[in-house]
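# Chain and residue survey
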Amino acid sequence: MMEEIFSAYNLSQNQLDVELFGNGLINKTWRIKNSHDDYILQKINHTVFKHPEAIAANVRMLADYLANAYPDFLFIRPIKTTTNEEIVHIHGKGYFRLCHYVRQSHTINAVEKKEQAYEAAKKFGQFTKLLSGFPIDKLRVTLPDFHNLSLRYQQFTEALENGNKERIQQSKELINFITKNKKIVETYEHILHNPAFKLRVTHHDTKISNVLFDKNDKGLCVIDLDTVMAGYFISDVGDMIRTYLSPVDEEEKDFSKIKIREEYFAAIWKGYMSEMSNELSTEEKNHFIYAGKFMIYMQAIRFLADYLNNDVYYGAKYKDQNFVRAGNQVMLLRRLMENEASLQRLIEGK
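Okay, so let's go over this structure. Here the structure is a predicted model, which means the values were calculated and not measured. (Residues numbered from 1 in each chain as written. Predicted model: local features only at pLDDT ≥ 70, side-chain atom pairs only at ≥ 80, totals over all residues. Heavy atoms only, no water.)

## Details of the overall build of the protein chain
Convention followed: Every helix listed is a DSSP run of H or I at least four residues long, and every strand listed is a run of E at least two residues long, numbered separately from the N terminus. This radius of gyration counts C-alpha atoms alone. The globule rule is 2.2 Å times how many residues there are, raised to the power 0.38. The buried label applies to any residue whose accessible area, calculated with a 1.4 Å probe on protein chains only, is under 20% of its type's maximum; exposed applies above 50%, and partly exposed to all values in between. Should any heavy atoms of two residues lie within 4.5 Å, those residues are considered in contact. Methods summary: accessible areas were calculated by the Shrake-Rupley approach with a probe of 1.4 Å, and residue burial reflects only the protein chains presented. Just so you know, the count uses Lys and Arg for positive and Asp and Glu for negative, and it drops His and the chain ends. For the purpose of locating charges, the reference atoms are NZ of Lys, CZ of Arg, CG of Asp and CD of Glu.
When its secondary structure is counted, the protein chain shows 13 helices and nine strands. For a compact globule of 350 residues, the expected C-alpha radius of gyration is about 20 Å, and the protein chain comes in at 21 Å, within 12% of that figure. Its C-alpha atoms put the protein chain at 60 × 45 × 35 Å along the principal axes. A total of 350 residues make up the protein chain; the buried ones form 53% of that total. Taking the intrachain contacts of the protein chain between residues at least 6 apart in sequence as the baseline, contacts between residues at least 24 apart amount to 72%. On the protein chain, roughly 17100 Å² of surface is accessible, and the fraction owed to carbon and sulfur atoms is 47%. Taking the average place of the 46 positive charges on the side chains of the protein chain and the average place of its 46 negative ones, the gap between the two points comes to 2 Å.

## With respect to the nonpolar core
Nonpolar side chains in soluble globular proteins tend to be buried together. What counts is decided by this rule: Definition of nonpolar core: a set of buried residues of the types Ala, Val, Leu, Ile, Met, Phe, Trp, Tyr and Cys, connected through side-chain atoms within 4.5 Å.
Core analysis: the largest hydrophobic core is formed by 90 residues, its most contacted members being Leu149, Tyr272 and Phe288. The element best represented in this core is helix H11 (residues 288–308), accounting for 16 residues. With near-sequence residues (within four places) excluded, Tyr272 lies in contact with Ala121, Lys122, Phe124, Gly125, Phe233, Val237, Met240, Leu280 and Phe288. Among the nonpolar cores identified, the runner-up in size contains 15 residues, and Ile5, Leu16, Ile79 and Phe96 belong to it.

## Concerning the pattern of salt bridges
In plain terms, the rule: Salt bridges are defined as contacts in which a side-chain nitrogen from Lys or Arg sits within 4 Å of a carboxyl oxygen from Asp or Glu.
Applying the stated criterion to the full structure yields 19 salt bridges. When the shortest N-O distance is used, the salt bridge between Arg103 and Asp38 registers 4.0 Å. Taken together, the residues span a long stretch of sequence, with Arg103 in the loop between strand S5 (94–100) and helix H3 (114–130) and Asp38 in strand S3 (residues 38–44) at a distance of 65 residues. Taking relative accessible area as the criterion, Asp38 reaches 6% and is therefore assigned buried. Here Glu250 and Arg242 are joined by a salt bridge, their closest N and O atoms 2.7 Å apart. Because the salt bridges share partners, they merge into one network encompassing Arg31, Asp38 and Arg103.

## Quick notes on the packing of helix H9 (residues 262–276) against helix H13 (residues 340–348)
Rule in force here: Axis definition: a line fit to C-alpha positions, over the contact stretch in the case of helices; interaxial angles, taken between N-to-C directions, run 0 to 180 degrees. The cut-offs work like this: below 35 degrees is roughly parallel, past 145 is roughly antiparallel, 65 to 115 is roughly perpendicular, and the gaps in between are oblique. Crossings are classed by handedness, with left-handed meaning an anticlockwise turn of the near helix from the far one by less than a right angle and right-handed meaning a clockwise turn. Residues are grouped as follows: Ala, Val, Leu, Ile, Met, Phe, Trp, Tyr, Cys and Pro are nonpolar; Asp, Glu, Lys and Arg are charged; all remaining types, including Gly, are polar.
At a minimum axis distance of 10 Å, the contact between H9 and H13 shows a crossing angle of 40°. By the criterion of interaxial angle, the relationship of H9 to H13 is oblique. Of the two elements, H9 crosses H13, and the hand of that crossing is right-handed. In contact with Glu262, Phe265, Ala266 and Trp269 of H9, H13 contributes Ser342, Leu343, Leu346 and Ile347. Classifying every residue of the contact of H9 with H13 by side-chain character gives six nonpolar, one polar and one charged.

## Quick notes on the packing of helix H4 (residues 149–162) against helix H7 (residues 183–192)
Two quantities define a packed helix pair, namely the angle between the helix axes and the distance between the axes. Their axes nearest at 9 Å, the elements H4 and H7 cross at an angle of 145°. The hand of the H4/H7 crossing is left-handed. Contact with H4, carried on its side by Leu149, Ser150 and Tyr153, involves Ile184, Val185, Tyr188 and Glu189 of H7 and no other residues of that element. Each residue belonging to the contact of H4 with H7 can be placed in one class, and the counts come to five nonpolar, one polar and one charged.

## Topic: the environment of Asp224
Among the secondary structure elements, Asp224 is positioned in the loop between strand S8 (219–222) and strand S9 (229–231). Look at Asp224 and you get partly exposed, because its relative accessible area is 32%. Considered as a pair, Asp224 and Val211 are 13 residues apart in the sequence and their alpha carbons are 8.6 Å apart. With near-sequence residues (within four places) excluded, Asp224 lies in contact with Gln42, His203 and Asn210.

## Details of the sheet that holds strand S1 (residues 17–20)
Basically, it comes down to this: Note: two strands are recorded as paired if DSSP finds a minimum of 2 bridges between them.
Strand order across the open sheet formed by five strands is S1-S2-S3-S5-S4, with antiparallel pairing between neighbours. Edge strands, defined here as strands with exactly one partner in the open sheet, are S1 and strand S4 (88–90). Taken pair by pair, the neighbouring strands of this sheet meet at an average axis angle of 25°, ignoring direction. Bridge count for S3 against S5 is six bridges, and the pairing is antiparallel. Residue pairing for S5: Lys43 is matched across the bridge by Phe96.

Written as structure tokens, this is what we have:
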């Protein structure tokens, strides 16, 4: 397989060292080295991303726009094949892309310092700001309804009607919390029809591992652009709030460890607003904390609906894993709501 891929780039496999790289859950990644070059090779998960050519088209358009408008901005675009393509399709094996490795760079799997949260938020904000002049109607949809909360809630209600009755009974407390907070869905639907909220070029997957850092932990650029589509700022800010604020992730079973680190929230606010302050409307800024509710609530719904449907989407590595994940996210949402007043004071500088 590797020989077929490398031949598409006119590279000799005999001169290359190949090693698995990173721990991404969706795409498989390798680091490729020879005496004078360093590459990253990724296999695009065709099960998740049904149309890899849409990803390639989006990245190509964004790269061309940024190269023309902001030539000094670091944007990692795929290397083109000998036939001028951004991806290689090997029949029966999948879709692959090759990029240059950014030397003296590294990624972070979990946010350990508020300065990292600041740098990441700044980079995601800069990405959206610099692309504010890009015609978003040209962007193709790579994951339909990825952050469509209305659809996710509908799928949740269908799981209540048709799902595993024993699991539904077991999940009563979580179900009650989700249904009592349906206002989060109503706010989302209001946003869809509110001209104060603007569709922008949005990353949609702003976990810390999707930022490259230099040796001093300064942000270099954002990576993994498969989910870049037109979207609302709440998707990017919400995912940062969901994944940066608590010292533990969604797999933690001891819910007493789930906390809101307010200094990390302040770092997200300052980093993102350092780039986006003049881009966001007043009403958008007033929904900054809501962005966290939106994303955490949606993830809780997705985990719980899958649990009620017998784990058909996420699967489960152990009994009740998605039940635990849903409970984890519900607890995170509770903590965010409990801290909302103090987080608002941080925004207001009080």
